[in-house]
Amino acid sequence: MSDPAPTKRLFIKTNGCQMNVYDSERMADVLAPLGYAMTDTPDQADLVVLNTCHIREKATEKVYSELGKLKELKQARAAADGAVMTIAVAGCVAQAEGEEIMRRQPAVDLVVGPQAYHQLHELIARTHRARGERLAADFAPQEKFDALPQRRPGGVTAFLTVQEGCDKFCTFCVVPYTRGGEYSRAPQAIEAEARDLAAHGVREVTLLGQNVNAYSPPNDQGPNDKEGGGLAALVRRLAKIPGLDRIRYTTSHPRDMDEALIAAHGEVAELMPYLHLPVQSGSDRILKAMNRAHTAQSYLKTIAAIRAARPDIAISGDFIVGFPGERDSDFEATLALVREVGHASAFSFKYSRRPGTPAAAMPGQVAEAVKDERLARLNALLDAQARAFNESQVGRVLPVLFERKGRHPGQLIGRSPYLQAVHALAPDRMIGQIVAVRIEAAARMSLAGALVQPQLEPA
Ligand code: 5AD
Ligand code: SF4
C-alpha cells in the first residue's frame, strides 16, 4: 500500500441555496484523495473554496468583499511564513462572471463553475503550475454526476441533487442563464446514492433541484406509468429503501405540482408534510409580468388539492416585493394570499435588478424605500403566521429525528415532520433516531419539548 497523501487543509465557505451545500460536500469528496481535510476557518487553510450565489445583487457583491478579506489573509500568511494559500471561486458567480472575478481580484487562483466540480482536483494541481484557470461555461451535468466519487455522509440527514437547471425563465431570475436548462439524473443513479446514504446512517434525504418537481429523467413514462412518473415515482422508489424514513424535496414550481405528486403526499408515509412552493406574488398582473405561468387562483387551487391529500401539510414559499410595476394594490393582493394560505414559513426578498434578465429593463422600477416598507409589512405578517403555526404544535406529540447535540448539556436538536427545529433533553445515543417528543413551548424559529414514553423506536 502506498503512503497516504500528506494532510492539507481545506476550507469551504458556502453561500446561497442548498444545492450549493450539496456541491460543497461533493467538492470535499473530490479533494479528499488529494489529502485535503476540512478545517473550520480559513486561517491556516492551504486551499480556500468560496462557493458563491448569484441570485441577487447583494449575494454577488458579497463575493467580492469576501475575496478582499481572503486576499489579505493570503498576503499575511505569505509574509509570515511563506505559506501558499490557494483561492478558488466556485458556484454561480464563477459560472456567470468568471473572467471578471479574475480581473477584479488577482489573488484568485482558480474559477470553477458548477458543472466542472468533478475536475477540481486536476484544476488544483494545474493551478500550482500556472494561475488563471477558468473552467465553467459548458453545461454537462451528466458527465459531472457520473464522475463524482462516492459520498462520505457525516450526519443523519443529507441533501441529494436529482435535478439541475431551469427552463422557466421567470423574468427576474438569473438561474436559467447561470445553471442552464433542466437536467434530471437517472433514477438508478439516485437510488444507488440514496442506498449508500442510508447504509451510512442517513435517515432523511432532501431531494434537490432548482425545479425539482419538474424532475423527468430520460425514458420516463410520464404520469401514466405504474408509479406516476416524474418526481412522484422517484419518491415512491426511494421510500422503499430500508432505513430511509423521511423524504423531502425542494424547490418546486406551482406549475409542476402534478396529480401524481399530490397523490404521493397523501399515500407515501415517508414523504414529510412540508412543502416549499414559491408563489412570488399574489397579483395576477405581476405574476404575468414575472412569466410565472400561473395565477393566484390556480396556486390556491393547487394548495387546496395538496391539503385534501395531506391535511396537516405545512406550506412554505418565496416572495418578491417591489417587482417592476408593483402597485400598492398588487402588494395588498400578496398579503391577502399569504393570509389565505397561512404559510407556516417563508423567505421574502426585495426585487433585485439582475443584468441580462427581462425584468431589469422593465419600466416602473420600484423605489428602494417602497420595497423596504413592503418587505417589513410582509415579514411582520409572515413572522406572525410562523409563530402561530409553531404555537399550534404545543401540546402535540411529534416524531422528531434527532440530528446533533444542542448548546446546553444533555440537549439534542432534531427536526419535526414540518421541518421545525426541536430541542429536548435526550441521551446522545438518540442521535439518528426518530423519537416521540411532547412539544411544550414554541418560539418563532424553533420548538422545545420533552421525551414521552413509550418511544416510537427502541431506545
Ligand atoms: N430579486 C429578488 N429575489 C429573487 N429571487 C430570484 N431572483 C430574484 C431577484 N432578481 C428569489 C425568488 C426565488 C428565490 C430562490 O430567490 O423568490 O424563488
Ligand atoms: Fe428562477 Fe423561475 Fe427557474 Fe425558479 S422557476 S429558478 S425563479 S427562473
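Residues numbered from 1 in each chain as written. Chains lettered and ligands numbered in written order. Predicted model: local features only at pLDDT ≥ 70, side-chain atom pairs only at ≥ 80, totals over all residues. Heavy atoms only, no water.

K.L.:
Explain the packing of helix α1 (residues 18–31) against helix α4 (residues 120–127) to me, using residue names and the numbers behind them.
P.N.:
For the pair α1 and α4, the least separation of the axes is 8 Å and the interaxial angle reads 65 degrees. Residues Met27, Val30 and Leu31 of α1 pack against Leu120, His121 and Ile124 of α4. Here the contact of α1 with α4 is built from residues that sort into 5 nonpolar, 1 polar and no charged. (Axes fitted to C-alpha atoms, helices over the stretch in contact; angles between N-to-C directions. Helix = DSSP H or I, 4+ residues; strand = E, 2+ residues; numbered from the N terminus. Contact = heavy atoms within 4.5 Å. Nonpolar A, V, L, I, M, F, W, Y, C, P; charged D, E, K, R; others polar.)

K.L.:
Break down the packing of aromatic side chains for me, citing the residues and quoting the values.
P.N.:
Inspection of the entire model under this criterion finds 5 aromatic pairs. Between the aromatic rings of Phe172 and Phe323, the centroid separation amounts to 6.4 Å while the plane-to-plane angle is 85 degrees, which identifies the pairing as edge-to-face. Taken together, the residues span a long stretch of sequence, with Phe172 in the loop between β8 (163–164) and α6 (175–178) and Phe323 in the loop between β13 (314–321) and α12 (328–341) at a distance of 151 residues. An identical accessibility class is assigned to Phe172 and Phe323; each is buried. Plain terms: the ring middles of Phe323 and Tyr351 are 5.5 Å apart, the flat faces sit at 70 degrees to each other, and that makes the pair edge-to-face. A residue pair is termed long-range when its members are at least 10 positions apart, and Phe323 in the loop between β13 and α12 and Tyr351 in the loop between β14 (345–350) and α13 (368–391) qualify at 28 residues. A residue is classified by how much of its surface remains accessible, and Phe323, at 0% relative accessible area, is buried. Of the residues examined, Tyr351 reaches a relative accessible area of 4% and is grouped as buried. Taken together through their ring pairs, the aromatic side chains of Phe172, Phe323 and Tyr351 make up a single cluster. (Phe/Tyr/Trp six-rings, centres within 6.5 Å; stacked < 30°, edge-to-face > 60°. Buried < 20%, exposed > 50% of the residue type's maximum accessible area, 1.4 Å probe, protein only.)

K.L.:
Talk me through the site of ligand 1; I want residue IDs and the actual numbers.
P.N.:
Close to ligand 1 lie Ile55, Arg56, Phe172, Gln280, Asp318, Ile320, Phe349, Lys350, Tyr351, Ser352 and Arg354. Contact distances for ligand 1 include 2.9 Å between a nitrogen atom and a backbone N or O atom of Phe172. Expressed as a share of its isolated accessible area of 410 Å², the protein-covered part of ligand 1 is 87%. Elements with a minimum of two residues in the shell around ligand 1: β13 and β14. (Near = heavy atom within 4 Å. Polar contact = N/O pair within 3.5 Å; in protein donor to acceptor, adjacent residues only side chain to side chain. Areas by Shrake-Rupley, 256 points an atom, 1.4 Å probe, with all protein chains shown as cover.)

K.L.:
How would you explain helix α9 (residues 259–267) if you had to name every residue and give the values?
P.N.:
Those residues of α9 that sit buried are Ala260, Leu261, Ile262, Ala264 and His265. In this structure, the buried side of α9 is in contact with α8 (230–239), β11 (246–250), β12 (274–276) and α11 (296–309).

K.L.:
Describe the domain arrangement of the protein chain, naming the residues involved and giving the relevant values.
P.N.:
Segmentation of the protein chain into domains returns domain 1 (8–142), domain 2 (148–391) and domain 3 (397–451). One C-alpha centre belongs to domain 1, the other to domain 3; they are set 35 Å apart. (Domains from an automatic or database assignment.)

K.L.:
Any details on the sheet that holds β12? Residues and values, ideally.
P.N.:
Read from one edge to the other, the open sheet built from 3 strands follows the order β12-β13-β14, with strand pairing classed as parallel. In the strand order of this sheet, the two ends are held by β12 and β14, each with one partner. Direction aside, neighbouring strands of the sheet carry axes that sit 10 degrees apart on average. As defined by bridge partners, β12 adjoins β13 across 3 bridges and the pair is classed as parallel. For His276, the partnering residue across the bridge sits in β13 and is Ser316. Running at roughly 175 degrees to β14, α13 makes contact with β13 and β14 of the sheet. (Pairing = 2+ DSSP bridges.)

K.L.:
Outline the sheet that holds strand β16 (residues 411–415), listing residues and values.
P.N.:
Hydrogen bonds between backbone groups are what pair the strands of a sheet, and the pairing can be parallel or antiparallel. Pairing is mixed in the closed barrel, where 5 strands are placed in the order β15-β16-β17-β19-β18. Sheet twist, expressed as the average angle between the axes of neighbouring strands with direction ignored, equals 55 degrees. Looking at chain direction, strand β15 (residues 397–405) and β16 are connected through 4 bridges and run antiparallel. Residue pairing across strands places Arg404 opposite Ile413, the latter belonging to β16.

K.L.:
Break down unusual backbone geometry for me, citing the residues and quoting the values.
P.N.:
In this structure, the amide linkage connecting Thr250 to the following residue, Thr251, adopts the cis form with an omega of 5 degrees. With respect to the helices and strands, the residue Thr251 is situated in the loop between β11 and α9. Backbone geometry places Phe169, a non-glycine residue, at a positive phi of 55 degrees. Here Phe169 is to be found in the loop between β8 and α6. A positive phi angle is found at Gln280, which is not glycine, with a value near 75 degrees. Tracing the backbone through its elements, the reader meets Gln280 in the loop between β12 and α10 (284–289). Judged by relative accessible area, which is 7%, Gln280 ranks as buried.

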